Amino acid sequence: MATSFLSRKPDSGLGNIGASPADPSRNIDWVLLTVQIVLTIMGGFIVFSASRTRLVEDPYAFVTRQVIFAFVAVVVMFAVMAFDYEMWKERARFLYGLTLVVLVLLILLGIAGGEDRISFDLGPFNVQPAELAKFTTLLMLAVYLADERSEEVSYPRFLGGLLIVGAPAVLIVIQPDLGSASVIISLAMGVLLVAGAKARYIAMISVLSVATVAAAFFGQLVNDYQSARIRALINPAAAGADETYQAENAMRAIGTGGVWGKGWLQGPLTNGRDIPVMWADFPFAAVGEQFGLVGCVVILSLFGVALIRVWRIAHLSRDSLGTYICAGVFTMLLWQIFQNVGMTLRIMPVTGLPLPFISYGGSGLIVYFAMFGLVQSVHMRRMR
Amino acid sequence: MKGHTENMAADKRATRLGVLAVVGTLLFSIVGARLWFLQTVEADSLQQQVDTTKVRTKPLIPERGRIFDADGRILADNQRSLSVAVDWELLRRDSQREEIFRRLSGWVDVPVEDMEERFQRGIFDTLLPMPVAEDVDERTAIAIQERVEDLPGVTIIEDSERVYPFAPLASHVVGYMGAITAETKDQYTSNGYSLNERVGQFGVELSMEEQLHGEWGYIKFEVDNRNRIVSVIEEVPPINGRDIQLTIDLDQQQYAEQVLETQIRLRQQAVARNPLDRDTNFTTRAFYETDPVTEEKIYYPEEVPFKAPAGAVVVQNHETGHVIAMASYPTFDNRWFESDLSGGKFGEIFDATDLEAVEYDPVTGLAIPETIKTDPDRSTLVNRAIQGRYNLGSTFKPFTAYAALSTGLLTTTETYEDTGTYRMVSVDRDKCESGVVRCVYKNATCPFGGPCVYGTVDVHTALAVSSDAFFYRIGELIMEENEQKDLLQQQVKLFGFGSDTGIDLPFEFGGTVPDRELKERYAANGVISKDEGTGYFTGDNVQLAIGQGLLSASPLQLAVGYGTIANSGFVMKPEIIKAVFEAGVPDSDRQGYADISQARFAEEPNVDGEVVRQIPMPAEIREEISSGLRRVITGPGHFSDYLHSTTGEKLFFDYPSSAIPIAGKTGTAQGRNNFPWNDSSAFTAYSIDPEQPYTVTAYLEKSGYGATAAGPVVKCMFLQLSGIAPTDSVVVSEPLDTNSIFPAAPKKLNDTSCFSRRG
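Residues numbered from 1 in each chain as written. Chains lettered and ligands numbered in written order. Predicted model: local features only at pLDDT ≥ 70, side-chain atom pairs only at ≥ 80, totals over all residues.

Glancing now at the overall build of chain A. For chain A, the helix and strand inventory stands at 14 helices and two strands. Counting over 384 residues, chain A shows a buried share of 52%. Intrachain contacts of chain A at a sequence separation of at least 6 include 71% that bridge at least 24 residues. (Helix = DSSP H or I, 4+ residues; strand = E, 2+ residues; numbered from the N terminus. Buried ≥ 20, exposed ≤ 12 C-beta atoms within 10 Å, placed from the backbone. Contact = placed C-beta atoms within 7 Å.)

Here we take up the overall build of chain B. Each helix and strand counted, chain B has 24 helices and 28 strands in total. Relative to its full complement of 759 residues, chain B shows a buried share of 43%. Considering only intrachain contacts with a sequence separation of at least 6, the fraction spanning at least 24 residues in chain B is 75%.

Let us look at the interface of chain B and chain A. Between chain B and chain A, the contact holds 32 residues from the first and 37 residues from the second. Looking at the side of chain B that touches chain A, the elements that each hand over two or more residues are α1 (2–41), α2 (43–52) and β9 (229–236) of chain B. Ranked by residues supplied to the side of chain B that touches chain A, first place goes to α1 of chain B with 22 residues. Residue classes in the side of chain B that touches chain A are distributed as 19 nonpolar, seven polar and six charged. (Nonpolar A, V, L, I, M, F, W, Y, C, P; charged D, E, K, R; others polar.)

In this structure, Leu75, Leu246, Val313, Met717 and Phe718 of chain B are the most contacted members of the largest nonpolar core, which totals 138 residues. Apart from residues no more than four positions distant in its own chain, Leu75 of chain B is found in contact with Ile67, Phe68, Asp69, Tyr164, Phe166, Ala170, Val174 and Leu246 of chain B. (Core = buried A, V, L, I, M, F, W, Y, C linked by C-beta atoms within 7 Å.)

Between its terminal C-alpha atoms helix α18 (residues 468–480) of chain B stretches 18 Å, which fits the 18 Å expected from 13 residues at 1.5 Å a residue. Taken together, the buried positions of α18 of chain B are occupied by Asp468, Ala469, Phe470, Phe471, Tyr472, Arg473, Ile474, Gly475, Glu476, Leu477, Ile478 and Met479 of chain B. (Expected span 1.5 Å × (residues − 1).)

Next up on the list: the sheet that holds strand β16 (residues 323–329) of chain B. Residue and element names in this part refer to chain B. Spatially, five strands are ordered β16-β15-β28-β27-β26 in an open sheet, and the strand pairing comes out antiparallel. What marks the edges here is a single partner per strand, and that holds for β16 and β26 (662–669). Across this sheet, the average inter-strand angle for adjacent strands is 5°, counted without regard to direction. (Pairing = 2+ DSSP bridges. Axes fitted to C-alpha atoms, helices over the stretch in contact; angles between N-to-C directions.)

With that settled, consider the environment of Ser627 of chain B. Counting through the fold element by element, Ser627 of chain B comes out in helix α23 (residues 619–634). For Ser627 of chain B, a count of 17 C-beta atoms within 10 Å corresponds to the partly exposed category.

Turning next to helix α21 (residues 538–545) of chain B. Residue and element names in this part refer to chain B. Most of α21 is tucked away: six of the eight residues are buried. Among the residues making up α21, those that are buried are Gly539, Asp540, Asn541, Val542, Leu544 and Ala545. Of the surrounding elements, those touching the buried residues of α21 are α15 (397–406), β19 (440–442), α18 and α19 (487–493). With its phi angle positive at about 75°, Gly547 sits one or two positions after the end of α21.

Let us now look at the pairing of strand β27 (residues 680–687) of chain B. All names here are of chain B. With respect to burial, β27 is a largely interior element, eight of its eight residues being buried. Judged by which residues are buried, β27 turns out to be covered on both faces: Ser680, Ala682, Thr684 and Tyr686 on one side and Ser681, Phe683, Ala685 and Ser687 on the other are all buried. Relative to β27, β26 runs antiparallel, the two being bridged by eight bridges. Along β27, the bridge assignment pairs Lys665 with Thr684. Hairpin connection between β27 and strand β28 (residues 694–700): a loop of six residues separates the two successive antiparallel strands.

Moving on: the packing of helix α6 (residues 178–195) of chain A against helix α13 (residues 320–344) of chain A. All names here are of chain A. Their axes nearest at 7 Å, the elements α6 and α13 cross at an angle of 140°. The angle between α6 and α13 places the two elements in the oblique class. Considering only the axes of α6 and α13, their crossing is right-handed. Note on element contacts: α13 touches α6 through Thr323, Tyr324, Ala327, Gly328, Phe330, Thr331, Met332, Trp335 and Gln336, opposite Val183, Ser186, Leu187, Met189, Gly190, Val191, Val194 and Ala195. Per-class residue counts for the contact of α6 with α13 are 11 nonpolar, six polar and no charged. (Parallel < 35°, antiparallel > 145°, perpendicular 65-115°, else oblique. Left-handed = near helix turned anticlockwise from the far one by under 90°.)

This paragraph deals with the confidence of the model for chain A. Here chain A averages 83 in pLDDT, while 84% of its residues score no lower than 70. Contacts of residues 232–242 of chain A to residues separated by more than four positions or lying in other chains number 14 contacts, the stretch itself having pLDDT below 50. (pLDDT = per-residue confidence, 0-100.)

Take a look at the structure:
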């Protein structure tokens, strides 16, 4: 029974002697799980501090929704953990195909509605298909590459992998959501690297993705808002000051936190309205202002531990599919942390990419929990 | 062998995973280093930035739309003006304030005491620097800006001021601007106005405020602790107000104002006679007052001068409803409201009744204290053409005639024997003779004394000679023969009496048509006695039939009514707005003109006018009324006891055949105690030439007979419209003489030959 780990009795002397040490339910990575939960709880507090002053009616509105999202995410994660990741081999194609259909549908809806769309509006919730694409593209790519039993990726298979990543990436760029596209490219790079793609293939991907961004930028595929954000980073003096304004204030919030921070709910920039959409785009600035260098280091260390655990599981996995999945999750997580924290520190351009587990947002949270469920699944079944 | 390759693959994989670990460590190091740098090294300087930079929002004022006449003359314009203002920060401490005022005083030529007084009044928006001197010249402004070190916190504010290049022409129509008052404050601020703003208070400036105003923009910027702009965050440019073209043509407007004022001044020289009383066998004068205490009769002298305090003229195109000229006397110069008058000086210039109308000092926005005595006859800030509450007298008779003909009470061939008096048939002889009910009504008095006797009259003759008895009878019969129903009221209301005309000007008076409900309301308000207010009687209808009693209307309503006869049954909405243009109609090469050919319509122009309602106007009814009104102008008179000339015949004896052919009607509305010097004079005429479809109405308060006071004004106006009367060309005005104590400079018609009459 796949869900037997949920009803596992506590270790009581010889009570569990019947269970094999290889039983999946006895091989959960508790460190990773704990770190993940702690980050999510901290995220709730940070979302509250960054949004409460801007919500007129109910200061708890965002954090309440985030807690609901977290519960859903936990359920999703356990569901993913319950199944052997081998099972995805057969289903990856279908899920991936479904994702592409949904992405195309979103673009068509956007054209019909005459505006850019990055989410489906389902009453109280918005669903972002780009988040789903991260999960399914990772599975598809890992399954596809694990098929080849050689130590290095052949050129045709590399091209195939490129297509698998390219299709959703392009559809997401068109939306336009450069941030999510960059996440998909980053996970592809991780998987391809570990799968043994030659250095020049990796270089090729890098060039391609930079070219895509450039093409989108000059071909007006990127909306004005995003191109302004990029221009602002390249040349802050030339861009209108309003574009650099929020990033500037985010950096000030971090800086003025100093070593110890101004204290819980004490940050004037966090409490003010100077940093738009802080709860989703700049939660790290709220950490920096309220808890200073110490708080930032704690958060980054937790992320560090999570990364190390994922990396370790990649290492422990007995088969390449598990390794590839973990490598993809690793690079994706690493990239997203670096991008989000980096834009808060003004070393990266401003994108709408959330900080995993911390930022407000249901789709992002659920997908990350699902991904970590996959990683746990790899860990749980490493001794099979 | 297989195991070997698997191991090798695993080793390679470990190496590649190692690469990932290195990349991860590298990225974390970058983030860590940057974080450490920001939160330790940079912390203080960032804190300083946060402490000193503040976001400021500066509103950007939209430019107000301009107002043009039908020819493109600029009636209302904007002039850039510079004012000097001081930051409130510097004014809070007494010593500092005194010092800054002392330094500024010489530059802007304003005494220190005046600046201090402004400060103490405390009526300025504290979010904006306090203005200490308005309208400074550019050289002074530049000089002040160059001396920032000596004059810290002093700023030059660019502002715009309303100018009226052709003032005082059409002041009542164009209107004026003023401060936002306490009552309108909420409404304006919720529409995004600033409290320092001036808004339309009267005329088109008020009625078109929304179009003229435009929308505020703003600029949001960050400033450092020395108030220097560090960066601009957001800029939303203002949307300028739309330009508006009026239907008013200043050529006609100027002439109308001149002829009205000239005639009123002439009537002030004239006297009304107080004749010897036939009833006392010519031993006493006919008109007297009774002393309320001693009940002694105090007789007026033989000659009493007319007061002739006020009047109005309306010139309208009755095909389109466009108002070509609209004059109201006494008039004012709307530039007074832009001249920084103090409340005291304002009181000197404008009558106390006006101060009540204004209520708030136009400059300071403070309430003007209630003044003791007022004379509403002389109020200036009232557009009598639309606000006048006038008895119409005999000018109302065509509408009574229409009611009688269209309800079938009379036919065009029916005649009536006018004996000079009318005895009501529905009242018993006993009641009548005992004097319980008034049942005998007389015609107007003829030159030989006693009421005129017109003999056999039909509808059009009755109109031509203005037989009261004929219409008294209609007033009675239309009620008695129709089960006391208000048929007369219903019929005259079709012409627009008793309701707003809908003209785009504020404070319009909709008039009253008397009925039971009105009388009850008036009795409740104390306008009439309780006894009178108990019901609507046939006697009231007899009075209504000749335009007396509680009937009231504005001159514009009268013009619309006659226009409806002229155009065969179309009640037109009087239009004052010809077009609304997108902001920025350019100036023309000609001084004082805008280049209308370059204007873009913001709304579809209403060229053909708007029909309020079409009323039944069979050709024979129209012909009967129109021929009667035509005969008023041209004669011939009507023979009974002797040849009675028609009421307008003598005035129009020299009206040339080349002039616009017209039909019209006189009216003399009796005033208090029916004293002849309280007679108000009305005259309306319309062109019967469809190529020149004008209707002209004149009304002169307390000025005499219709044909004597208002008649000549209408006659002259038609001669002007015909291009016969010499007309002064319209020129841009001289600057306002602020030493004057008159609301407006006097206007005079140079050639008054059109006033001439025979006999």
